[in-house]
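In case you want the letters, here they are:
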Amino acid sequence: CSCAFDAGYHLNVIFRDDDYLGKDFEYPDNIGTDGVEKIVLHKKVDAIEEDAFSGLKNLKLIEVEKGNPYFKGGDVLYATRKNNYAEFIWCSPLKTGDYVVAPWIDSICDHAFENSMLNSVTFGEDVYFGFEVFKNCPDITIKAPEGSSAIEYAKKNGLKFEEITY
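A. Summary view of the side chain of threonine 141. Mapping threonine 141 onto the fold places it in strand β13 (residues 141-145). When near neighbours in sequence (up to four residues on either side) are disregarded, threonine 141 contacts Asn119, Ser120, Val121, Lys160, Phe161 and Glu162.

Okay, here's the thing in structure tokens:
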């Protein structure tokens with residue numbers, strides 16, 4: 001199953017049930033991306049394209065229907081996969097303060113913190129980073145252990161960083 005939401009208001013959801021395979025759902029043209037504040041993921045959605053929520057500057061909440069074993073939602077969204085591999089998919093751009101990414105997260109998806117108003121994000125030792133994870137976040141500080149993949153990512157992408165010890 002896959003789910004993609006792009007800046008053109010298009011939500012493409014393919015469920016496991018054969019009755020729903022290939023169905024496309026269109027948002028009304030008058031909604032615009034600024035009007036999207038909440039998205040509900042059906043309990044049968046089991047995959048989301050990276051950067052699916054890119055450009056949704058007012059998205060506050062992604063609710064995951066009860067019974068969906070693949071995603072945990074709220075003002076952040078993450079997924080668990082086979083072999084206990086976990087992906088951090090999205091953080092609400094309206095979330096403020098400091099955020100600590102759970103130590104069991106293995107990767108951060110493309111644009112996960114796009115337009116974030118967070119002051120800082122703290123990471124553990126080794127996390128894989130996708131493309132433009134902190135797009136349009138000039139004031140954010142990355143906190144992570146010295147020599148970690150998060151510190152290397154911050155240096156490579158010109159982000160402020162703080163090396164921490166646990």
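B. Main features of the environment of serine 54. Checked against the element boundaries, serine 54 lands in the loop between β4 (38-41) and β5 (61-64). With relative accessibility at 17%, the residue serine 54 sits in the buried group. Those residues in contact with serine 54, other than ones at most four positions away along the chain, are His111 and Glu114. Here glutamate 114 takes part through its side chain, which lies 2.5 Å from a polar atom of the side chain of serine 54.

C. Just the pattern of salt bridges, in detail. Applying the stated criterion to the full structure yields four salt bridges. Here glutamate 63 and lysine 38 are joined by a salt bridge, their closest N and O atoms 2.9 Å apart. Placement of glutamate 63 in strand β5 and of lysine 38 in strand β4 is noted, with a sequence separation of 25 residues between them. With a shortest N-O distance of 2.8 Å, lysine 95 and aspartate 75 are connected by a salt bridge. Placement of lysine 95 in the loop between β8 (86-91) and β9 (96-100) and of aspartate 75 in the loop between β6 (71-72) and β7 (76-80) is noted, with a sequence separation of 20 residues between them. Exposure remark for lysine 95: the relative accessible area of 19% places this residue in the buried category.

D. Structural view of the nonpolar core. Phe88, Ile108, Phe113, Val121, Phe123, Phe129 and Phe134 are the most contacted members of the largest nonpolar core, which has 26 residues in total. Within the residue set of this core, elements represented by two or more residues are β8, β11 (117-122), β13 and α1 (149-156). Setting aside residues no more than four positions away along its own chain, phenylalanine 129 makes contact with Ile108, Phe123, Phe134, Ser149, Ala150 and Tyr153. Val36, Ile62, Val64 and Cys109 belong to the second largest nonpolar core, which has 17 residues in total.

E. Expanded view of the sheet that holds β6. Taken in spatial order, the five strands make up an open sheet running β6-β7-β8-β10-β12, and their pairing is mixed. Across the chains shown, the open sheet's two edge strands, defined by having one partner strand only, are β6 and β12 (128-129). Across five bridges, β7 lies against β8 in antiparallel orientation. Within β8, the residue paired with alanine 79 across the bridge is glutamate 87.

F. Geometry of the sheet that holds β11. What the four strands build is an open sheet, ordered β9-β11-β13-β14; its pairing is parallel. With one partner strand each, in any of the chains shown, β9 and β14 (160-164) form the two edges of the open sheet. Put simply, the sheet's adjacent strands are angled 20 degrees from each other on average, direction ignored. Note that β11 and β13 share three bridges and pair parallel. Each residue of the ladder has a partner; that of threonine 122, found in β13, is lysine 143. Packing of α1 onto the sheet brings it into contact with β13 and β14, and relative to β14 it is tilted by some 155 degrees.

Basis of the calculations
Residues numbered from 1 in each chain as written. Predicted model: local features only at pLDDT ≥ 70, side-chain atom pairs only at ≥ 80, totals over all residues. Heavy atoms only, no water. Helix = DSSP H or I, 4+ residues; strand = E, 2+ residues; numbered from the N terminus. Contact = heavy atoms within 4.5 Å. Buried < 20%, exposed > 50% of the residue type's maximum accessible area, 1.4 Å probe, protein only. Polar contact = N/O pair within 3.5 Å; in protein donor to acceptor, adjacent residues only side chain to side chain. Salt bridge = Lys/Arg side-chain N within 4 Å of Asp/Glu carboxyl O. Core = buried A, V, L, I, M, F, W, Y, C linked by side-chain atoms within 4.5 Å. Pairing = 2+ DSSP bridges. Axes fitted to C-alpha atoms, helices over the stretch in contact; angles between N-to-C directions.

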